[in-house]
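What the coordinates show
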Amino acid sequence: MWVRNSFFLHDMMQNAVSAVKKGLLHMFSANMLNQFLGFGSLLIVTKILQPSEVGALKIIQSYVAVCLTFATFGFPSAIIKFCAEIKDKRLCKYILKRSVTISVFVSTVICVGVWGLNAKGNLSDDFFVIKWLPWYIWLIIPNSAYILCLTYMQAIKDFKRMAGLQSVLKCISVFAVIIATYFAGIGGYVVAVVFMMFISMAVVFKQSDISLDFGVKLEIPSGFWFLTKVSIFSS
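Read on for an overview of the structure. As the structure is a prediction and not an experimental result, all values here were calculated from the model.

Before going further, it helps to examine the overall build of the chain. Tallying secondary structure elements over the chain gives nine helices and zero strands in all. Secondary structure elements of the chain, listed N to C terminal, follow the sequence α-α-α-α-α-α-α-α-α. Buried positions account for 40% of the 235 residues belonging to the chain. Of the contacts formed within the chain by residues at least 6 apart in sequence, a portion of 84% connects residues at least 24 apart. If you sum the accessible surface of the chain, you get close to 13400 Å²; carbon and sulfur atoms cover 69% of it.

This paragraph deals with the packing of helix α6 (residues 127-136) against helix α8 (residues 159-208). Following both chains from N to C, one finds α6 and α8 inclined at 20°, their axes separated by 10 Å at the closest point. One finds that α6 runs roughly parallel with respect to α8. α8 is crossed by α6, and the crossing has right-handed handedness. Along its contact with α6, which presents Phe128, Trp132, Trp135 and Tyr136, the element α8 presents Ile186, Gly187, Tyr189, Val190, Val193 and Val194. Broken down by class, the residue content of the contact of α6 with α8 amounts to nine nonpolar, one polar and no charged.

Between its terminal C-alpha atoms helix α7 (residues 140-155) stretches 22 Å, which fits the 22 Å expected from 16 residues at 1.5 Å a residue. The buried fraction of α7 amounts to 14 of the 16 residues, a majority that puts the element mostly inside the structure. Immediately beyond the C-terminal end of α7, within one or two residues, lies Lys157, with a positive phi of roughly 65°.

On the surface, Phe175, Ile179, Tyr182 and Phe183 cluster together into a nonpolar patch covering about 530 Å² of accessible area. With respect to the helices and strands, the residue Phe175 is situated in helix α8. Classification of Phe175 by relative accessible area gives exposed; the value is 59%.

As a further point, take the pattern of salt bridges. Under the counting rule described, the total for this entry stands at three salt bridges. In this structure, Glu85 engages Lys81 in a salt bridge whose closest nitrogen and oxygen atoms are separated by 3.2 Å. Note that Glu85 and Lys81 are positioned in helix α4 (residues 75-85) at a spacing of four residues, about one turn of the helix. The class for Glu85 is partly exposed, based on a relative accessible area of 48%. For the salt bridge of Asp209 with Lys93, the shortest nitrogen-to-oxygen distance reads 2.6 Å.

Attention now goes to the layout of surface pockets. Reported here for the largest pocket is a volume of approximately 990 Å³. As for the largest pocket, its lining consists of 27 residues, of which Tyr136, Asn143, Lys170, Val193 and Met197 are closest to the centre. Ranked by the residues each element gives to the lining of the largest pocket, the list is headed by α8, at 11 residues. The computed volume of the second largest pocket comes to approximately 290 Å³.

Once that is clear, we can look at the nonpolar core. Judged by nonpolar contacts, the single largest core of 58 residues is most densely connected at Ile79, Ile95, Tyr136, Ile140, Tyr189 and Phe224. Those elements that provide at least two residues to this core are α3 (51-71), α4, α5 (89-119), α6, α7 and α8. With 13 residues, α8 is the largest single contributor of residues to this core. Ignoring sequence-local partners within four residues, the contact set of Ile95 consists of Ile79, Cys83, Ile86, Ile220, Pro221 and Phe224.

Parameters and conventions
- Residues numbered from 1 in each chain as written.
- Predicted model: local features only at pLDDT ≥ 70, side-chain atom pairs only at ≥ 80, totals over all residues.
- Heavy atoms only, no water.
- Helix = DSSP H or I, 4+ residues; strand = E, 2+ residues; numbered from the N terminus.
- Buried < 20%, exposed > 50% of the residue type's maximum accessible area, 1.4 Å probe, protein only.
- Contact = heavy atoms within 4.5 Å.
- Areas by Shrake-Rupley, 256 points an atom, 1.4 Å probe, with all protein chains shown as cover.
- Axes fitted to C-alpha atoms, helices over the stretch in contact; angles between N-to-C directions.
- Parallel < 35°, antiparallel > 145°, perpendicular 65-115°, else oblique.
- Left-handed = near helix turned anticlockwise from the far one by under 90°.
- Nonpolar A, V, L, I, M, F, W, Y, C, P; charged D, E, K, R; others polar.
- Expected span 1.5 Å × (residues − 1).
- Patch = residues over 30% accessible without salt bridge, like charges linked within 9 Å, V, L, I, M, F, W, Y side chains within 5 Å.
- Salt bridge = Lys/Arg side-chain N within 4 Å of Asp/Glu carboxyl O.
- 1 Å grid on protein atoms, 1.4 Å probe; cavity = no way out; pocket = protein on both sides within 12 Å on 5 of 7 lines; lining within 4 Å.
- Points joined across faces, edges and corners; volume = space filled by probe spheres on them.
- Core = buried A, V, L, I, M, F, W, Y, C linked by side-chain atoms within 4.5 Å.

Below you can see the structure in the form of structure tokens.
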């Protein structure tokens, strides 16, 4: 029994050391920090804004969350699976480029559609929703690209850099959003959130080393597109 427990403890120690070396601990810590900062900033923002404004933001964010699911087009699941298995880095970067390109196009179409529906009053009767949704909805364009780039880093096991980027960008974004909300109310909140997401997207774009050579065409595994469709329907 003692020998069995010793082997068990030894395996646990080896797995823990392996996880630290791979950066999984960094990723877990970054996720915890992001959750903490997100919750903390939400508490502060709700103290600054009026209850009616907070309620409108919740409605707007619900619309954005639904739109973002379709904007990412099921690519995160496919990127995680295929880019983790494919050894050809050139093909992996090409997959990321195609995914981001399609996602940005779909996001733009969704934004235009939501803008039109909102203008006709088909989405809400709330004054703040009607006023700020057309601006906040543009968040999904950089957000979808941001998610795909971080997913790509996770797929290629670049956990430490991904965790570092998430933590730094989240800290800066939270600070900027709180300051903007304090001085400019709900308008400052919306502008700060959208602006910081575009900044975050640009930084992650650079760090993910995404290829911008649109003249190159490679063959993407057929199973990739099947998995994207399955992911969309399962959402």
